[in-house]
Amino acid sequence: MNLADLNKVAVAMTAPGKGILAADESTGTIKKRFDAIATENTEDNRRDYREMMFRTAEAMKNHISGVILYDETIWQKAKDGTPLVDIIKAAGSIPGIKVDEGVKPLPNCPGEVVTVGLDKLADRLTKYYDAGARFAKWRAVIDIGQGMPTFSCIHANAHALARYAALCQAANIVPIVEPEVLMDGAHDIDRCVDVTVRVLKETFQELYYNRVALEGIVLKPNMAISGKKCAKQASVEEVAEKTVKMLKECVPAAVPGIAFLSGGQSDEAATAHLDAMNRIGNLPWALTFSYGRALQAAPQKAWSGRSENVAAAQRAFMHRAKMNSLAALGQWKADMEKKAA
Ligand code: 5MM
């Protein structure tokens, strides 16, 4: 492990006004997205769609620090034969790779899951490094419900995240550590905070036990937010205040940057929340985005699987990338959205 190099990459991933594009949907997840825009889930369509985003040069250069790829995409070539990884690098962005292999039911914990993929991970990381990946991602999924999450679920997932992170650093790859507490359900924001604190504390404990260097990771957490079905939805200010307070309690200042997931928030809510947090200021780490849906919903709709829509889709992608980039600086305003509409 070269900690100076890892730190340099982690700092670049969360550089001021830049954030990460999570384009690592597995084949099943991208099918759901394509179904919504009546587009067939073929390898060519997946390539054309992702190529459209990676070739939005201005967005990639100015707003997107890194791209999380799926295994298929890291080996894929654009229509003209250029490897997609080279297009990302030429735009000045860093290629990354999702290395978890999804979730499996956790024995003795009905309804709960644990993320898998540690077997042979060291070998896979070497291949991904050679293919150009300088960071990786592993997502743990924690659900809130009656009697959930159990300690077993939190612990199993935190341990797997830490094992993954240690293997990444040994391969000179920065691990994005993503313990996601889902926003599905009717719980209120305080229950989300309570669970997320437990999850983050356990995650950092396991990172410590596994000797992971915090200077060489990026944390990808959920925000403190009301469950989707909760009758009382917290305001933007409450989300920002409670998220920052929660993170200050749990995330050591040695971590260079935190890049949030959007988790099913609307595009504008994900932007507004990030902006409000950065306006609080005086934070020990950079706070930015690593959004999947909140960056891609608009360009996906504009593209709708048709080559004649590529320019419109790129404009939509550029707009969301720019709005989130401003939010990462605490400089976004709601009327910037209206002007663009
Ligand atoms: C882009 O979606 C990612 C991959 O999901 P699957 O493994 O389920 O196919 C996902 O891990 C994503 O990187 C994060 O959840 C953040 O995305 P959102 O949409 O929550 O911002």
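Fair warning: this is a prediction, and the values are worked out from it, not measured in the lab.

1. Description of the pairing of strand β3 (residues 94-98)
No. 1: Of all five residues in β3, five are buried, a share of seventy percent or more.
No. 2: The alternating pattern of β3 places I94, G96 and K98 on one face and P95 and I97 on the opposite face, and all of these are buried.
No. 3: In this sheet, β3 lies alongside strand β2 (residues 64-69) in parallel orientation, the contact comprising four bridges. Paired with L69 across the strands is I97, a residue of β3.
No. 4: Bridging between β3 and strand β6 (residues 135-142) involves three bridges; their strand directions are parallel. Within β6, the residue paired with I97 across the bridge is A136.

2. As for the pattern of salt bridges
Where side chains of opposite charge bring their charged atoms close, a pairing between them can arise.
No. 1: Under the definition given, this model contains 22 salt bridges.
No. 2: Linking K79 and D48 is a salt bridge whose minimum nitrogen-to-oxygen distance equals 3.5 Å. Highlighted residues: K79 in the loop between α5 (71-74) and α6 (84-90) and D48 in helix α3 (residues 43-54), separated in sequence by 31 residues.
No. 3: The network of salt bridges with shared partners includes D24, K98, K137, R139, E178 and E180.

3. A few points about the site of the ligand
No. 1: Around the ligand, the surrounding shell holds 17 residues, and the nearest of these are S26, T29, K98, K137 and S262.
No. 2: Measuring from an oxygen atom of the ligand, one finds a side-chain N or O atom of K137 at 2.3 Å.
No. 3: Relative to its free-state accessible area of 500 Å², the ligand is covered by the protein chains to the extent of 90%.
No. 4: Elements with a contribution of two residues or more to the shell around the ligand: β6 and β7 (174-181).
No. 5: Its residues placed into classes, the shell around the ligand shows three nonpolar, five polar and nine charged.

4. Re empty space enclosed by the protein
No. 1: One pass over the structure, following the stated rule, counts one cavity of 30 Å³ or more.
No. 2: Of the volumes computed, that of the largest cavity is approximately 50 Å³.
No. 3: In terms of residue class, the lining of the largest cavity is built from five nonpolar, four polar and one charged.

5. Some words on the confidence of the model for the protein chain
No. 1: This prediction gives the protein chain a mean pLDDT of 97; 99% of its residues lie at or above 70.
No. 2: Mean pLDDT across the secondary structure elements of the protein chain bottoms out at helix α14 (residues 335-340), with 80, and peaks at strand β8 (residues 218-219), with 99.

6. Quick word on helix α8 (residues 151-170)
No. 1: End to end, α8 covers 28 Å across 20 residues, agreeing with the expected 28 Å (1.5 Å per residue, within 8%).
No. 2: Those residues of α8 lying buried are C153, I154, N157, A158, A160, L161, A162, Y164, A165, C168 and Q169.
No. 3: Where α8 is buried, its residues contact α1 (3-13), β5 (113-115), α7 (121-130), β6, β7 and α9 (189-209).
No. 4: Looking one or two residues beyond α8, the residue adopting positive phi is N172, at roughly 60°.

7. Description of the packing of aromatic side chains
No. 1: One pass over the structure, following the stated rule, counts seven aromatic pairs.
No. 2: Between the aromatic rings of F289 and Y291, the centroid separation amounts to 5.7 Å while the plane-to-plane angle is 40°, which identifies the pairing as tilted.
No. 3: Residue F289 is classed as buried on the basis of its relative accessible area of 0%.
No. 4: Within the aromatic cluster, the residues linked to one another by ring pairs are F34, Y49 and W303.

Analysis parameters
Residues numbered from 1 in each chain as written. Predicted model: local features only at pLDDT ≥ 70, side-chain atom pairs only at ≥ 80, totals over all residues. Heavy atoms only, no water. Buried < 20%, exposed > 50% of the residue type's maximum accessible area, 1.4 Å probe, protein only. Helix = DSSP H or I, 4+ residues; strand = E, 2+ residues; numbered from the N terminus. Pairing = 2+ DSSP bridges. Salt bridge = Lys/Arg side-chain N within 4 Å of Asp/Glu carboxyl O. Near = heavy atom within 4 Å. Polar contact = N/O pair within 3.5 Å; in protein donor to acceptor, adjacent residues only side chain to side chain. Areas by Shrake-Rupley, 256 points an atom, 1.4 Å probe, with all protein chains shown as cover. Nonpolar A, V, L, I, M, F, W, Y, C, P; charged D, E, K, R; others polar. 1 Å grid on protein atoms, 1.4 Å probe; cavity = no way out; pocket = protein on both sides within 12 Å on 5 of 7 lines; lining within 4 Å. Points joined across faces, edges and corners; volume = space filled by probe spheres on them. pLDDT = per-residue confidence, 0-100. Expected span 1.5 Å × (residues − 1). Contact = heavy atoms within 4.5 Å. Phe/Tyr/Trp six-rings, centres within 6.5 Å; stacked < 30°, edge-to-face > 60°.

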